[in-house]
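Structural description and commentary
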Protein chains: 2
Amino acid sequence: MQYKAITFVKRPIADITADTFELVTLETPVLKDGEFLVKQTHMSLDPAMRTWMQDNPNSYIPPIAIGEVMRSFGVGEVVESKNPAFPVGARVIGNTGWAEYVLGGADMQVVPHDLPVEALMCVLHVPGLTAYVGLFEVLRPKAGETLVVSGAAGSVGSLVGQMAKAEGLRVIGIAGSDEKCRWLEDELGFDRAINYRSANLAEQLAEAAPNGVDIYFENTGGPIQQVVFERMNRFGRITVCGMIADYNREVPAPGPSWVDINLKALRVEGFVIVDHYDKAPKAVEVLTGYLQKGQIKYRAHVLQGLESAIEGVNLLFNGDNQGKLLVEL
Amino acid sequence: MQYKAITFVKRPIADITADTFELVTLETPVLKDGEFLVKQTHMSLDPAMRTWMQDNPNSYIPPIAIGEVMRSFGVGEVVESKNPAFPVGARVIGNTGWAEYVLGGADMQVVPHDLPVEALMCVLHVPGLTAYVGLFEVLRPKAGETLVVSGAAGSVGSLVGQMAKAEGLRVIGIAGSDEKCRWLEDELGFDRAINYRSANLAEQLAEAAPNGVDIYFENTGGPIQQVVFERMNRFGRITVCGMIADYNREVPAPGPSWVDINLKALRVEGFVIVDHYDKAPKAVEVLTGYLQKGQIKYRAHVLQGLESAIEGVNLLFNGDNQGKLLVEL
């Protein structure tokens, strides 16, 4: 059977462009014992993809090889199987790649059919695990503290803010449009949302966090970073979860001076989610609890058709996505 | 009784200059019940003094007020007392300031007479506590790891390196002269010492740390910072203990991009010693153990006479001190 896939053919220097990828037609393999074939229904587009394209010897996973199918997470259904653990009809989640059909891999998990696919991809899988690890394992928030999250309307940021609200923190979100800010304040219950594009961020932040910032969940980098950094309280904690603003730059912008890290006894700590898959069961338990109590809402920005990923992935970097970016196949 | 003191009269913008201070003559007070008078014998000059001069609302302690006696630690002898806990003849250590006589304060501690004053001031007091907290509380080293320390020949850096050696780490020191580097390698047993002024630091560091750097103890800031930062291994830890190169700058230099903090899951954590005085008993116990086993050596750079502090304090910032800087009164 023939199917369409998108391969990665040219490492971008700065922005991802159409010639980064190539649309190809492939043939499904004949299954050996233990193998199974998945028809992908939904692909996840995530900012981390940009870092997987980079040939950075220090990165946490090998870069995507030239000519390989573009790497991504996704959900699909088993359509052919020689593996009893993954019978035909089972719904699976895992590393799929930009392809209509995928040979099932060891990392795939069977997931129940009755969960909405958006809940699965927006909350219970990578975004939820990322938000959980950054907030609870790295930042260790205390009720009453003030938290700022950048990329607040993104898949991770929106969960971080809602979980922090549920834990009794004052939550300030920074996002890139008035519409996103309204969503954060009116729908998700953030105490304040600031549109960094239209407002004087430093002034707005000083007003929104009159007692300073205890916790900063960093998703974006860029000029927001320095402004929030300057408002940090003594013993403040920062987690560097993402640096969207810098992923597309050939040379990343410098960070803040370490003088205040010294004098204010700050902790700045990064993480990448592949190091924390062992926390997934606990994260799913905690996130399910929030969902059941109605403390977490989510929204998906759904593109249609495999090829829509090629242009669509840039929505993550220009900030035009409204919610978790998905492709429905 | 009249005595000489040096007051702080002008906040420096960049370098500390002679007009930062004023030599004054004061009168010893008539003691009230509970008070005691200390004749200072040795004053400690420390890089942190530069930060105490700054009117930084975010700093960990209030800045030195204009007109106040310059703040410092020191050792002295009680010469008059209306406090039985501090009898005449007792040797004390604590906040003294730049003055020949000091009214005893609540922070002062009685210390035994039989300890050499250099061991007290170079190892067991602030430098030792600082090295102990940074290394064991913040960085949590493991045998076999590679540690880099900047300001390696300084009072804190030299202790950090020796303690790390005693704990089984590979230790690389960065210092500012060939003489200091020889001292670190030949006398203190560092695996390597690099003179950042004469060598190509990046090349030398790559050669000295072929498997990368796991731990960086930051005392200096400046261009060393970026070079070491780029060699950090995944899950590396950095403690920001001091930023000597930046204390005298009006606007501190930017730090490294946070992209690698994210991708390499680094932790960068600052501390100031005033938050950790509760660890002093444990630190003294640990440091005394190293001293008894001959695992820690030290050297003091001793200036003579109160006024020598005025010019002498700058030795800390141009790096011309050889060992812990003290003033003998």
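All values reported here derive from a predicted model rather than from experimental measurement. (Residues numbered from 1 in each chain as written. Chains lettered and ligands numbered in written order. Predicted model: local features only at pLDDT ≥ 70, side-chain atom pairs only at ≥ 80, totals over all residues. Heavy atoms only, no water.)

1. Some points on the overall build of chain A
Threshold: Every helix listed is a DSSP run of H or I at least four residues long, and every strand listed is a run of E at least two residues long, numbered separately from the N terminus. The buried label applies to any residue whose accessible area, calculated with a 1.4 Å probe on protein chains only, is under 20% of its type's maximum; exposed applies above 50%, and partly exposed to all values in between. Throughout, a residue-residue contact means that at least one pair of heavy atoms, one from each residue, lies within 4.5 Å. Only the protein chains shown count as cover for residues, and all accessible areas are computed by the Shrake-Rupley method using a 1.4 Å probe.
Helix and strand counts for chain A come out as 12 helices and 15 strands. In terms of overall dimensions, chain A has C-alpha extents of about 65 × 45 × 35 Å along its principal axes. Going through the 329 residues of chain A one by one, you find that 56% of them count as buried. For chain A, the share of sequence-separated contacts (at least 6 apart) that also reach a separation of at least 24 residues comes to 66%. Accessible surface for chain A amounts to roughly 13,100 Å². Of this, 52% is attributable to carbon and sulfur atoms.

2. Here's the deal with the interface of chain B and chain A
Short version of the rule: Summed over both partners, the accessible area lost on bringing two parts together, with a 1.4 Å probe, is the buried area. Each reported salt bridge corresponds to a side-chain nitrogen of Lys or Arg within 4 Å of a carboxyl oxygen of Asp or Glu. The term polar contact refers here to a pair of N or O atoms within 3.5 Å; inside protein, the definition further demands a hydrogen-donor-capable atom paired with an acceptor-capable atom, and it admits residues adjacent in sequence only when both atoms are side-chain atoms.
Taken together, the 40 residues of chain B in the interface contact 41 residues of chain A. Around 3,100 Å² of area is buried between chain B and chain A when both sides are counted, 63% of it from carbon and sulfur atoms. Looking only at chain B, the three residues that lose the most surface to chain A are Trp258(B), Asn262(B) and Leu263(B), adding up to 26% of its buried area. The interface formed by chain B and chain A contains two salt bridges. The closest approach of N and O atoms between Asp275(A) and Arg234(B), which form a salt bridge, is 2.7 Å. Taken together, chain B and chain A are joined by 14 residue pairs in polar contact (both at pLDDT 80 or more). Counting only elements with at least two residues in the side of chain B that touches chain A, the list comes to β11 (213–218), α7 (223–230), β12 (232–240), α8 (244–247), α9 (259–263) and β13 (267–270) of chain B.

3. Notes on unusual backbone geometry
Residue and element names in this part refer to chain A. In this model, Phe 235 sits at a positive phi of 65°, which is unusual for a non-glycine residue. By the secondary structure assignment, Phe 235 is in strand β12 (residues 232–240). With a relative accessible area of 45%, Phe 235 lands in the partly exposed category.

4. Looking at the relation of the copies chain B and chain A
Short version of the rule: Superposition of the copies was done by least squares, using only C-alpha atoms of residues whose pLDDT is at least 70 in both.
Least-squares fitting of chain B to chain A yields an RMSD of 0.0 Å, with the superposition described by an axial translation of 0.0 Å and a rotation of 180°. Taken together, these values place the two copies in the relation of a two-fold axis. The residues that chain B uses at the interface reappear at the interface of chain A in 100% of cases, marking a shared surface.

5. Side note on the packing of helix α3 (residues 126–139) of chain B against helix α4 (residues 155–166) of chain B
Residue and element names in this part refer to chain B. To keep things clear, this is the line we draw: Where helices are involved, their axes are fitted lines through C-alpha atoms of the stretch in contact, as for all axes, and angles between N-to-C directions lie from 0 to 180°. For this classification, under 35 degrees means roughly parallel, over 145 means roughly antiparallel, 65 to 115 means roughly perpendicular, and everything else is oblique. In this scheme the crossing of two helices becomes right-handed for a clockwise turn of the near helix relative to the far one and left-handed for an anticlockwise turn of less than a right angle.
Running from amino to carboxyl end, α3 crosses α4 at an angle of 50°, the nearest separation of the two axes being 9 Å. Put simply, α3 runs oblique to α4. Here the hand of the crossing between α3 and α4 comes out right-handed. Judged by residue contacts, Pro 127, Gly 128, Thr 130, Ala 131, Tyr 132, Leu 135 and Phe 136 of α3 engage Ser 155, Val 156, Leu 159, Val 160, Met 163 and Ala 164 from α4.

6. A few points about the domain arrangement of chain A
Residues and elements named next belong to chain A. Let me state the cut-off plainly: For the domain bounds, the source is a domain assignment made automatically or taken from a database.
Taken domain by domain, chain A consists of domain 1 (2–114 + 299–328) and domain 2 (126–275). Between domain 1 and domain 2, the contact holds 21 residues from the first and 15 residues from the second. Across the interface of domain 1 and domain 2, roughly 1,600 Å² is buried in total on both sides, 58% from carbon and sulfur atoms. Looking at the side of domain 1 facing domain 2, the largest losses of area belong to Tyr 60, Arg 299 and Phe 317, adding up to 31% of the total buried there. Seen at the junction of domain 1 and domain 2, the total is one salt bridge. A salt bridge links Arg 299 to Glu 179; its shortest N-O distance comes to 3.1 Å. Taken together, the links from domain 1 to domain 2 amount to five residue pairs in polar contact (both at pLDDT 80 or more). Among the elements that line the side of domain 1 that touches domain 2, the one with the most residues is helix α12 (residues 315–318), at three residues.

7. Some words on the UniProt feature "domain: Enoyl reductase (ER)" (unreviewed entry) in chain A
The following threshold applies: UniProt positions are given in the numbering used here, feature names are shortened, and annotations may be inferred rather than shown by experiment.
UniProt annotation of "domain: Enoyl reductase (ER)" (unreviewed entry) refers to residues 17–327 of chain A when read in the numbering used here. What you have in residues 17–327 of chain A is 31% helix and 25% strand, and the ends, taken at the C-alpha atoms, are 18 Å apart.

8. A few points about the packing of aromatic side chains
In plain terms, the rule: Planes of paired rings set the category: under 30 degrees apart is stacked, over 60 is edge-to-face and the rest tilted, where pairs are Phe, Tyr or Trp rings (Trp by its six-membered ring) whose centres lie within 6.5 Å. Our definition puts a charge over a ring when NZ of Lys or CZ of Arg is within 6 Å of the ring centre and also within 35 degrees of the ring normal.
Under the definition given, this model contains 12 aromatic pairs over all chains. Taking 4.1 Å as the distance between ring centres and 5° as the angle between the ring planes, the aromatic pair formed by Phe36(B) and Phe86(B) counts as stacked. In this pair, Phe36(B) sits in strand β3 (residues 36–44) while Phe86(B) sits in the loop between β4 (73–81) and β5 (91–95), placing the two residues 50 residues apart along the sequence. On the basis of relative accessible area, Phe86(B) is assigned to the buried category, the value being 13%. Taking NZ or CZ as reference, Arg234(A) lies 4.6 Å from the ring centre of Phe235(A), over its face. Lying over the aromatic face of Trp183(A), Arg299(A) brings its terminal NZ or CZ to 3.9 Å of the ring centre.

9. Things to note about the pairing of β4(B)
Residue and element names in this part refer to chain B. Rules: A pair of strands is considered paired only if DSSP assigns at least 2 bridges between the two.
As paired strands, β3 and β4 are joined by eight bridges and run antiparallel to one another. Along β4, the bridge assignment pairs His 42 with Val 75. As defined by bridge partners, β4 adjoins β5 across five bridges and the pair is classed as antiparallel. Directly across from Glu 77, in β5, lies its bridge partner Arg 91.

10. A short note on the packing of helix α6 (residues 201–208) of chain A against helix α7 (residues 223–230) of chain A
Residue and element names in this part refer to chain A. Counted only if it meets this: Under the scheme applied here, ten amino acids are nonpolar (Ala, Val, Leu, Ile, Met, Phe, Trp, Tyr, Cys and Pro), four are charged (Asp, Glu, Lys and Arg), and all others, including Gly, are polar.
Two numbers describe how α6 lies on α7: the axes approach to 10 Å, and their chain directions differ by 35°. Relative to α7, the crossing made by α6 is right-handed. From α6, Leu 201, Ala 202 and Leu 205 reach across to α7, where they touch Ile 224, Val 227 and Val 228. When its residues are assigned to classes, the contact of α6 with α7 shows six nonpolar, no polar and no charged.

11. Here's the deal with the environment of Val75(A)
All names here are of chain A. Mapped onto the fold, Val 75 is located in strand β4 (residues 73–81). For the pair Val 75 and Met 121, spaced 46 residues apart in the sequence, the C-alpha separation amounts to 8.1 Å. In this structure Val 75 touches Gln 40, Thr 41, His 42, Arg 91, Val 92, Ile 93, Val 117, Leu 120 and Met 121, once residues within four positions along its chain are discounted.

12. Details of the sheet that holds strand β9 (residues 170–175) of chain B
Spatial ordering of the open sheet is given by β10(A)-β9(A)-β8(A)-β11(A)-β12(A)-β13(A)-β13(B)-β12(B)-β11(B)-β8(B)-β9(B)-β10(B), a layout of 12 strands whose pairing is mixed. Unpaired on one side and paired on the other, β10 (192–195) of chain A together with β10 (192–195) of chain B mark the two borders of the sheet. Strand-to-strand, the axes of this sheet are offset by a mean angle of 15°, without reference to chain direction. Of the strand pairs in this sheet, strand β13 (residues 267–270) of chain A and β13(B) are connected by three bridges, and their pairing is antiparallel. Bridging from a neighbouring strand, Glu269(A) pairs with Arg267(B) of β13(B). Running at roughly 170° to strand β8 (residues 146–150) of chain B, α4(B) makes contact with β8, β9 and β11 of chain B of the sheet.

13. Examining the pattern of salt bridges
Residue and element names in this part refer to chain A. Taken as a whole, this structure holds 24 salt bridges over all chains when the rule is applied. Its salt-bridge partner being Lys 10, residue Asp 19 comes within 3.2 Å of it at the nearest N-O pair. Judged by relative accessible area, Asp 19 falls into the partly exposed class, the value being 40%. Look at Lys 10 and you get partly exposed, because its relative accessible area is 45%. A salt bridge links Lys 264 to Asp 260, with the nearest nitrogen and oxygen atoms 3.9 Å apart. Asp 260 shares its class with Lys 264; the two are buried. Counted as one network, the salt bridges with shared partners bring together Lys 142, Glu 145 and Arg 237.

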